[in-house]
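Reading the structure
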Amino acid sequence: MGEVDPAFIQDPQHRPKLSSIQAEGIPVIDLSPITRHTFSDPSAIEALVKEIGSACKEWGFFQVINHGVPLILRQRIEEASRLFFAQSVEEKKKVSRDESSPVGYYDTEHTKNVRDWKEVFDIVAKDPTFIPVTSDEHDDRVTQWTNLSPQYPPNFRVIVQEYIEEMEKLSFKLMELIALSLGLEAKRFEEYFIKDQTSFIRLNHYPPCPYPDLALGVGRHKDGGALTVLAQDEVGGLEVKRKADQEWVRVKPTPDAYIINVGDIIQVWSNDAYESVEHRVMVNSEKERFSIPYFFFPAHDTDVKPLEELINEQNLSKYRPYKWGKFLVHRKSSNFKKKNEENIQIYHYKIA
């Protein structure tokens, strides 16, 4: 993956703390009340909604089991990911992303995130995905991002698409539970995703790192979208900053579970009732690690702002509206620029 940036060794803010707590930490929630085929007890669903609300409020993260995603589909995409990343760099670079369409392969040695230790393949869920040409709010032009399909492994596109369909189903179920936990109608969020959503899936590969105390798989960050659904392997490495005491907590892999976290958009929609939480990925000196996050994003023309139902005289709106597509394009374009200034964040829209 290249040399470790010498400046990183001298940067205590970004250097991993070795005192991270080794604990399961985040709640594990059983979704069987909404995924089993037999009639569900309304009281069980009500209890599930309360569990989801508590996890969103106290952690911003939780794991789900009995989620309804067929295990065989997960196994297929995990195998496809391993086969793709096992190829030579030359082969992988045949499907490299570029600034005009940031979908495809890249490794973080060639981005501004020089402290991250991984390689990536990004795939949009809807092909094509419509997106603004620029982040300029006065520019109404729209372009499209289209997927690149590697020649190997075989049936890659079919495997990924089948998996994406299951991720979308699960995401809609989770958004309904989150809506109910906020006292909203179950389908409240559906309008933002039903047409022209900008969701995408990412295949991550973290090679063994010879400097595990000096590098990160992914530096600390918050997710900008609505929801992230993460499949991680048995190696683990994800750490979440616990809201209660700001300690980093290692998320212990649970077989066949998905790790869920609310993103910045839900924080804004909920007017800070739920918070997008910092997280990072630690590297391993001996084992490679694979993960597959699905990022559930709304349509590009979505106005992101606190929902009217949650605003009143005692709880005034805390954010100015922003266009999701413009926000996303700003984030993506900055990945190609090695610069020191901070990327766009939702607190830039915070009302003082």
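Looking at an unreviewed UniProt entry, one finds the protein chain named Protein DMR6-LIKE OXYGENASE 1-like and attributed to Abrus precatorius. Quoted straight from UniProt, the Sequence similarities (unreviewed entry) entry for the protein chain says "Belongs to the iron/ascorbate-dependent oxidoreductase family."

**Brief notes about the sheet that holds strand β8 (residues 200-206)**
Backbone-to-backbone hydrogen bonds pair the strands of a sheet. The strands run either parallel or antiparallel. Spatial ordering of the open sheet is given by β2-β3-β13-β10-β15-β8-β5-β4, a layout of eight strands whose pairing is mixed. Unpaired on one side and paired on the other, β2 (28-30) and β4 (105-107) mark the two borders of the sheet. Mean inter-strand twist for the sheet, computed between neighbouring axes without regard to direction, equals 25°. As judged from the four bridges shared by strand β3 (residues 61-65) and strand β13 (residues 258-262), these two strands associate in the antiparallel manner. In the strand pairing of β13, Phe61 is matched with Asn261. Here helix α3 (residues 42-58) sits on the sheet in contact with β2, β3 and β13, set at roughly 160° to β2.

**Focus: the side chain of Asp233**
With respect to the helices, strands and loops of the structure, Asp233 is situated in the loop between β10 (227-232) and β11 (238-241). Owing to a relative accessible area of 9%, Asp233 belongs among the buried residues under this scheme. Reaching out from Asp233, the side chain makes a polar contact with the backbone nitrogen of Val235 at a distance of 3.0 Å. If we ignore the near neighbours within four places in the chain, the residues touching Asp233 are Arg82, Pro253, Glu288, Arg289 and Phe290.

**Structural notes on the packing of α3 against helix α6 (residues 156-181)**
Relative to each other, α3 and α6 sit at 85°, their axes nearing to 8 Å. Regarding the angle of α3 to α6, the classification is roughly perpendicular. Contacts between α3 and α6 involve Leu48, Val49, Ile52, Gly53 and Cys56 on the former and, on the latter, Leu177, Ile178, Leu180 and Ser181. Its residues placed into classes, the contact of α3 with α6 shows seven nonpolar, two polar and no charged.

**A closer look at the packing of aromatic side chains**
Applying the stated criterion across every chain yields a total of 20 aromatic pairs. Pairing Phe172 with Phe296 gives two aromatic rings, centres 5.3 Å apart and planes at 80°, and the pair type is edge-to-face. Taken together, the residues span a long stretch of sequence, with Phe172 in helix α6 and Phe296 in strand β15 (residues 289-296) at a distance of 124 residues. Judged by relative accessible area, Phe172 falls into the buried class, the value being 17%. On the accessibility criterion, Phe296 (0% relative accessible area) is buried. Taking 5.8 Å as the distance between ring centres and 25° as the angle between the ring planes, the aromatic pair formed by Trp324 and Phe327 counts as stacked. One end of the pair is Trp324 and the other is Phe327, both in helix α8 (residues 324-334) and three residues apart, which spans about a single turn. In this pair, the class of Trp324 matches that of Phe327, namely buried.

**Examining the pairing of strand β14 (residues 279-282)**
Side chains of β14 alternate between two faces, with His279 and Val281 and Arg280 and Met282 buried alike. As judged from the three bridges shared by β11 and β14, these two strands associate in the antiparallel manner. Within β14, the residue paired with Glu239 across the bridge is Arg280.

**Brief notes about the nonpolar core**
The nonpolar side chains of soluble globular proteins are, as a tendency, buried together. Counting residues in hydrophobic clusters, the biggest one holds 75 residues, and the most contacted among them are Ile178, Phe189, Tyr258 and Trp269. Sorting elements by how many residues they give to this core places α6 first, with 13 residues. Ile178 has contacts with Ile52, Cys56, Phe189, Leu227, Val262, Ile266 and Tyr274, leaving out every residue within four places of it along the chain.

**Examining helix α4 (residues 71-85)**
Helix length check: α4 (15 residues) gives 21 Å between terminal C-alpha atoms against 21 Å at 1.5 Å per residue, within 8%. Along α4, the residues that are buried comprise Leu73, Arg74, Ile77, Ala80, Ser81, Phe84 and Phe85. Relative to the axis of α4, the buried residues are bounded by an arc of 130° and lie together on one face.

**Some details on unusual backbone geometry**
Keep in mind that most residues, glycine aside, have a negative phi and that most peptide bonds are trans. With an omega of 5°, the peptide bond running from Asp127 to Pro128 counts as cis. Checked against the element boundaries, Pro128 lands in the loop between β5 (119-124) and β6 (129-132). Going from Tyr152 to Pro153, the amide bond is cis rather than trans, its omega being 5°. With respect to the element layout, Pro153 can be found in the loop between β7 (142-145) and α6.

**Considerations on the environment of Ala55**
Take Ala55: it is sitting in helix α3. Ala55 sits 29 residues away from Ile26 along the chain, and the two C-alpha atoms are 7.8 Å apart.

Thresholds applied
- Residues numbered from 1 in each chain as written.
- Predicted model: local features only at pLDDT ≥ 70, side-chain atom pairs only at ≥ 80, totals over all residues.
- Heavy atoms only, no water.
- UniProt positions renumbered as here; feature names shortened; annotations may be inferred.
- Pairing = 2+ DSSP bridges.
- Helix = DSSP H or I, 4+ residues; strand = E, 2+ residues; numbered from the N terminus.
- Axes fitted to C-alpha atoms, helices over the stretch in contact; angles between N-to-C directions.
- Contact = heavy atoms within 4.5 Å.
- Buried < 20%, exposed > 50% of the residue type's maximum accessible area, 1.4 Å probe, protein only.
- Polar contact = N/O pair within 3.5 Å; in protein donor to acceptor, adjacent residues only side chain to side chain.
- Parallel < 35°, antiparallel > 145°, perpendicular 65-115°, else oblique.
- Nonpolar A, V, L, I, M, F, W, Y, C, P; charged D, E, K, R; others polar.
- Phe/Tyr/Trp six-rings, centres within 6.5 Å; stacked < 30°, edge-to-face > 60°.
- Core = buried A, V, L, I, M, F, W, Y, C linked by side-chain atoms within 4.5 Å.
- Expected span 1.5 Å × (residues − 1).
- Arc of directions from axis to C-beta.

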